[in-house]
Amino acid sequence: MLTVYSSDHRLHHGVELKDGAISASFEKPERAETVLARVKTVGLGDIIAPRSYEHSDYVGAHSERYVEFLANAWSEWTATGRTSQALPLVWPIRGLPSTEVPQFIDGKLGFFSMDAGSPINEGTWEAVCSSANSALTGVDRLSSGMRGVFALCRPPGHHAGREYTGGYCYLNNAAIAAQRCIQQGAKRVAVLDIDFHHGNGTQDIFYDRSDVLFVSIHGDPAVCYPYFSGHADERGMGQGEGFNLNLPLPKGTAMAEFEAALFDASATIARYKADALIVSLGVDTFEGDPISHFRLRSPDYLRIGEMIEGLGVPTLFVMEGGYMVDEIGLNAVNVLLGFEGRT
Ligand SMILES: NCCCCCC(=O)NO
Ligand SMILES: [Zn+2]
């Protein structure tokens, strides 16, 4: 299987607000390096760098003004004399009447984010573009007739909505890939999100559309991040009604329950008859993950890959979460090996 990877991800080192203190982010460069090392160790296949794309290739999944905000945020922040990481401090929540985009960068940061989980620093935008470009390059290779391609994306993307950052995400790599498939003529694209956390951003982007089916298996938002999306009654709206399937599972879920949910997800995707499948591949479902609450074990990821292959659809795997750095490579690549029947 071909892997698309850019070392430009190393330009982004985030911080995060956790338990009331600022600390180095769990979303660290070593994550992608460990997965890359495992890809090489197992001889998964060729590894290529992404092609470059235009900012306009991100629009469709995202709004133009959001992409422009991301591209200019660091320069606007540093123009105020600050060299620290740019973080939002105020958000346009229920009861605040203005719907205008503020002119000052501190207001823009809050307008275009859902939480303080996506800090912006000097190298962030370049890293974010390299991550989205890896997903786009993966689609272009898939379209050339490949059965499966792996976009080793970092930073991740599935919490990024049409106009907001969040949860370590900036551009929604999986959504940008799905949109590219549609632009290249696909009539129906399925996105399967198997990360521990609900892909609220991907849901947001396609919620009113029937040409992209979104299916997510994740920790119950009543007790798990992102808390405010991912319930089973969120089924899409307008033309998208019935093309959004959330399968929330309780904390402590192990493979038996996860596999049953994946079986249901697969049945829905099979009925949809997708021309292409984008998998948001998070492995923070692993039992040792420091910020998540499922109990999958490394061999389980082989089975997950097998089940995804059973859908018989050209598939782009897009790396999302996974924070147990020692095992992230083993677990992510096990999905890809399972997909290839190398179990
Ligand atoms: N900082 C709060 C938790 C962020 C979750 C990131 C993730 O793995 N999403 O899939
Ligand atoms: Zn996650």
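Residues numbered from 1 in each chain as written. Chains lettered and ligands numbered in written order. Predicted model: local features only at pLDDT ≥ 70, side-chain atom pairs only at ≥ 80, totals over all residues. Heavy atoms only, no water.

Enquirer: It is not clear to me how the pairing of strand 9 (residues 276-281) should be interpreted in this structure. Could you clarify?
Expert: Side-chain direction in a regular strand flips from residue to residue, so the side chains alternate between the two faces of the sheet. Most of strand 9 sits out of view: 6 of its 6 residues are buried. Going residue by residue along strand 9, you find Ala276, Ile278 and Ser280 tucked away on one face and Leu277, Val279 and Leu281 tucked away on the opposite face as well. The pairing of strand 6 (residues 189-193) with strand 9 spans 5 bridges and is parallel. When the bridges of strand 9 are listed, Leu192 appears paired with Val279. Where strand 9 and strand 10 (residues 315-319) come together, 5 bridges link them in parallel fashion. Residue pairing in the sheet places Val279 in a bridge with Phe317 of strand 10. Each parallel crossover has a hand, and the one from strand 9 via helix 8 (residues 300-309) to strand 10 is right-handed. (Buried < 20%, exposed > 50% of the residue type's maximum accessible area, 1.4 Å probe, protein only. Helix = DSSP H or I, 4+ residues; strand = E, 2+ residues; numbered from the N terminus. Pairing = 2+ DSSP bridges. Right-handed = clockwise from strand over helix to strand, strands pointing away.)

Enquirer: Sorry if this is basic, but what is going on with the pattern of salt bridges here?
Expert: Close approach of charged atoms allows side chains of opposite charge to pair. Following the criterion strictly, the structure yields 16 salt bridges and no others. Of the charged contacts in the structure, one is a salt bridge between Asp106 and Arg82, with a shortest N-O distance of 2.5 Å. With Asp106 in helix 3 (residues 105-111) and Arg82 in the loop between helix 2 (64-78) and helix 3, the pair connects residues that are 24 residues apart, well separated along the chain. With a relative accessible area of 23%, Arg82 lands in the partly exposed category. Between Glu309 and Arg147 there is a salt bridge; the shortest N-O distance is 3.0 Å. Residue Glu309 is located in helix 8, and its partner Arg147 is located in the loop between helix 4 (124-142) and strand 5 (148-151); the two are separated by 162 residues in the primary sequence. A relative accessible area of 30% places Glu309 in the partly exposed class. When salt bridges that share partners are traced, they join Arg51, Asp57, Asp140 and Arg180 into one network. (Salt bridge = Lys/Arg side-chain N within 4 Å of Asp/Glu carboxyl O.)

Enquirer: Teacher, can you tell me more about the sheet that holds strand 8 (residues 244-249) here?
Expert: Think of a sheet as strands paired side by side through backbone hydrogen bonds, with each pair either parallel or antiparallel. The strand order across the open sheet formed by 8 strands is 4-1-5-10-9-6-7-8, and the pairing between neighbours is parallel. Each end of this open sheet is capped by a strand with a single partner; those strands are strand 4 (47-48) and strand 8. Bridge count for strand 5 against strand 10 is 4 bridges, and the pairing is parallel. Directly across from Val149, in strand 10, lies its bridge partner Leu316. Lying over the sheet, helix 5 (residues 173-183) contacts strand 6, strand 7 (212-219), strand 9 and strand 10, oriented at roughly 175° with respect to strand 9. (Contact = heavy atoms within 4.5 Å. Axes fitted to C-alpha atoms, helices over the stretch in contact; angles between N-to-C directions.)

Enquirer: Explain helix 2 to me, please; I cannot follow it from the model alone.
Expert: Within an α-helix, residues lying three or four positions from one another point in the same direction, as the helix has 3.6 residues per turn. With 15 residues, helix 2 should cover 21 Å at 1.5 Å per step; its first-to-last C-alpha distance of 22 Å lies within 8% of that length. Along helix 2, the largest kink reaches about 50° and is centred on Asn72. Buried within helix 2 we find Tyr66, Val67, Phe69, Leu70, Ala73, Trp74 and Trp77. On its buried face, helix 2 is in contact with helix 3 and helix 4. (Expected span 1.5 Å × (residues − 1). Bend = angle between axes of the 7 residues up to and from the residue.)

Enquirer: Can you help me understand the coordination of the zinc ion (ligand 2) in this one?
Expert: Each pair of donors in an ideal octahedron of six around a metal sits at 90 or 180 degrees, and each pair in an ideal tetrahedron of four sits at 109.5 degrees. Taken together, Asp195 (OD), His197 (ND1) and Asp284 (OD) make up the protein donors of the zinc ion (ligand 2), found 1.9 to 2.1 Å from the metal. Coordination of the zinc ion (ligand 2) draws on donor residues from a single chain, spaced D-x1-H-x86-D in sequence. Residue His197 is classed as buried on the basis of its relative accessible area, which comes to 6%. (Donors = N, O, S within 2.8 Å, 3.2 Å for Na, K, Ca; no water.)

Enquirer: Before we go on, may I ask you to explain helix 4 in this structure?
Expert: Along its 19 residues, helix 4 runs 27 Å from first to last C-alpha, staying within 8% of the 27 Å computed at 1.5 Å per residue. Along helix 4, 16 of the 19 residues are buried, which leaves the element largely enclosed by surrounding structure.

Enquirer: Would you mind going over the side chain of Gln203 with me for this structure?
Expert: Along the chain, Gln203 turns up in helix 6 (residues 200-206). With relative accessibility at 6%, the residue Gln203 sits in the buried group. Here Asn244 takes part through its side chain, which lies 2.9 Å from a polar atom of the side chain of Gln203. In contact with Gln203, not counting residues within four places along its chain, are His198, Phe214, Ser229, Glu234, Asn244 and Asn246. (Polar contact = N/O pair within 3.5 Å; in protein donor to acceptor, adjacent residues only side chain to side chain.)

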